[in-house]
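# Coordinate inspection notes
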Amino acid sequence: MHNISGRGVRSVVALLGAGLLFALTTSCSSSSPTREYAVPSNVCGTRMAPSLLEPLLPPGEKVGAQPTSSVNVKRCRILVDGKVAFSSSIEKRDANTSVGDVASSAYGVEPTDTRADGDHTIYSKTGAVSLVECPGSASANSTVWATVRITHNVKASSMHDFIKEYATAVGRGDACRALLTHGNA
């Protein structure tokens, strides 16, 4: 049997520890997903600050948008790596429609989720709805609502920040007036 000095044992233990630390460090850093695409500055034509949209989008390589519209609804889907990650809609509803009514038919948000903005907004970690103010185009018969949903959880405050600014931006745009006057955006 060989007698190993204390110094030799410490060297072997130090080498094993360094190897283990290297293995753990490289395995953790390589599994972190990254965002390789530029965050869009608009949602199918509605200008938005990328800083508001960024927390709602997942990591990935490529981003694209699919706008669609029909009578009383304008939709936008943002795809990340070919999969829908974000959906929004701008919808014309009856004048007596409440925020709870809209939330009950929207995905990603429930009427019992957090309410804000004078009871004109409901939001959660996966969706939000908000009344859109259309200046100069007030209609006694109709209202316009913005809805958003995403495919993963985010901070609810990020969802609220986005829907509040999105509803404001929609109100300043042509889509709001077009929905109220013609039913098409």
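Residues numbered from 1 in each chain as written. Predicted model: local features only at pLDDT ≥ 70, side-chain atom pairs only at ≥ 80, totals over all residues. Heavy atoms only, no water.

## Overview of the layout of surface pockets
Approximately 250 Å³ is the volume attributed to the largest pocket. Contributing to the lining of the largest pocket are 15 residues, with Arg75, Ser89, Tyr107, Thr147 and Arg149 lying nearest its centre. Each pocket or cavity is described by its volume, and for the second largest pocket that value is around 150 Å³. Asp117, His120, Thr121, Ser130, Leu131, Val132, Glu133, Lys164, Ala167 and Thr168 together form the lining of the second largest pocket. Broken down by secondary-structure element, the contributors of at least two residues to the lining of the second largest pocket are β8 (127-132) and α4 (156-172). When grouped by side-chain class, the residues that make up the lining of the second largest pocket number three nonpolar, four polar and three charged. (1 Å grid on protein atoms, 1.4 Å probe; cavity = no way out; pocket = protein on both sides within 12 Å on 5 of 7 lines; lining within 4 Å. Points joined across faces, edges and corners; volume = space filled by probe spheres on them. Helix = DSSP H or I, 4+ residues; strand = E, 2+ residues; numbered from the N terminus. Nonpolar A, V, L, I, M, F, W, Y, C, P; charged D, E, K, R; others polar.)

## Description of helix α5 (residues 174-182)
Where α5 is concerned, the buried positions are Ala175, Cys176, Ala178, Leu179 and Leu180. Contact partners of the buried residues in α5: β4 (73-80), β5 (83-94), β8, β9 (142-150) and α4. (Buried < 20%, exposed > 50% of the residue type's maximum accessible area, 1.4 Å probe, protein only. Contact = heavy atoms within 4.5 Å.)

## Here we look at the state of the cysteines
If you walk through the whole model with that rule in mind, you get two disulfides. Disulfide partner of Cys44: Cys76, at an S-S distance of 2.0 Å. Taking the sign of the S-S torsion, about 70° here, the bridge from Cys44 to Cys76 comes out right-handed. In this pair, Cys44 sits in the loop between β1 (42-43) and β2 (46-47) while Cys76 sits in strand β4, placing the two residues 32 residues apart along the sequence. The two residues Cys44 and Cys76 agree in class, both being buried. In this model, Cys134 is linked to Cys176 through a disulfide, with the two sulfur atoms separated by 1.2 Å. Linking Cys134 and Cys176, the disulfide has an S-S dihedral of approximately -50° and is accordingly described as left-handed. Placement of the pair is Cys134 in the loop between β8 and β9 and Cys176 in helix α5, with a sequence separation of 42 residues. Each member of the pair, Cys134 as well as Cys176, carries the same accessibility label: buried. (Disulfide = S-S within 2.5 Å.)

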